[in-house]
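Understanding the architecture of this molecule
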Amino acid sequence: MALQGPIPVHFTQVFPHGCYIVGEVEKVRDFDASTPDRFVQARDKQTGEPLWQIAVMDGDPTVKAASKTVSVKLVSPVEPVAPATVAGLPFTPVEFDGMNATPWVNPAGRLAYSIKARTMRTPRATTKPPAYDKDAKDAS
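Cut-offs and rules
- Residues numbered from 1 in each chain as written.
- Predicted model: local features only at pLDDT ≥ 70, side-chain atom pairs only at ≥ 80, totals over all residues.
- Heavy atoms only, no water.
- Core = buried A, V, L, I, M, F, W, Y, C linked by side-chain atoms within 4.5 Å.
- Buried < 20%, exposed > 50% of the residue type's maximum accessible area, 1.4 Å probe, protein only.
- Helix = DSSP H or I, 4+ residues; strand = E, 2+ residues; numbered from the N terminus.
- Contact = heavy atoms within 4.5 Å.
- Pairing = 2+ DSSP bridges.
- Phe/Tyr/Trp six-rings, centres within 6.5 Å; stacked < 30°, edge-to-face > 60°.
- Polar contact = N/O pair within 3.5 Å; in protein donor to acceptor, adjacent residues only side chain to side chain.

Of all hydrophobic cores here, the largest spans 17 residues; its most connected members are Ile54, Val56 and Phe96. Elements with a minimum of two residues in this core: β2 (19–21), β4 (51–58), β5 (69–75), β6 (92–97) and β8 (111–117). Top element by residues in this core is β4. It accounts for 3 residues. The residues touching Phe96, leaving out its near neighbours within four places in the chain, are Phe11, Cys19, Ile54, Val56, Val72, Leu74, Ala117, Thr119 and Met120.

This next bit is on the pairing of strand β7 (residues 100–105). With 2 bridges joining them, strand β1 (residues 7–8) and β7 adopt antiparallel strand pairing. The partner of Ile7 across the bridge, within β7, is Ala101. As paired strands, β7 and β8 are joined by 6 bridges and run antiparallel to one another. In the strand pairing of β8, Ala101 is matched with Ile115.

For the structure shown, the criterion picks out 2 aromatic pairs. Taken together, a centroid distance of 5.6 Å and an interplanar angle of 45° make the contact between Phe11 and Phe15 tilted. Per residue, the accessibility class of Phe11 equals that of Phe15, and both read buried. Each ring, one from Phe11 and one from Phe96, has its centre 6.4 Å from the other, and the planes form 45°; the classification is tilted. On the criterion of sequence distance, the pair formed by Phe11 in helix α1 (residues 11–14) and Phe96 in strand β6 is long-range, its members being 85 residues apart. Phe96 shares its class with Phe11; the two are buried. An aromatic cluster of three or more residues is present, and its members are Phe11, Phe15 and Phe96.

What follows concerns the side chain of Lys116. With respect to the element layout, Lys116 can be found in strand β8. Here Asp44 takes part through its side chain, which lies 2.7 Å from a polar atom of the side chain of Lys116. When sequence neighbours within four positions are dropped, the list of residues in contact with Lys116 reads Asp44, Gln46, Leu51, Lys73, Val75, Gly98, Met99 and Asn100.

This is how it looks when you write it as structure tokens:
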């Protein structure tokens, strides 16, 4: 099978209604290397860079409350900095770039996805993925 490892995804495929920060940037624990007395930060298997995570709330109003908050892992050599808060909003809007999804089966036997990104930033005015221009492709 040609599809190996994480699957590249665009922000709007994962969060079509946007998402909002509801936690702090934290180091991801390497459960195999850590001991009760010693914390070891996990590293990305592809790049070897440290992994960080941040809890975000999905902006989709149809998502059930139990599934609304997810953790996005960030692959970065330094601790990522969250976008500045926005006056008048209870949560900080955020957008991720360089995203990928890795499917896995959770303990309940259901399909789940681990979401990773390279960077986070303040959302742009529009977050739609680049349009597929059929005419331009056919002309080449």
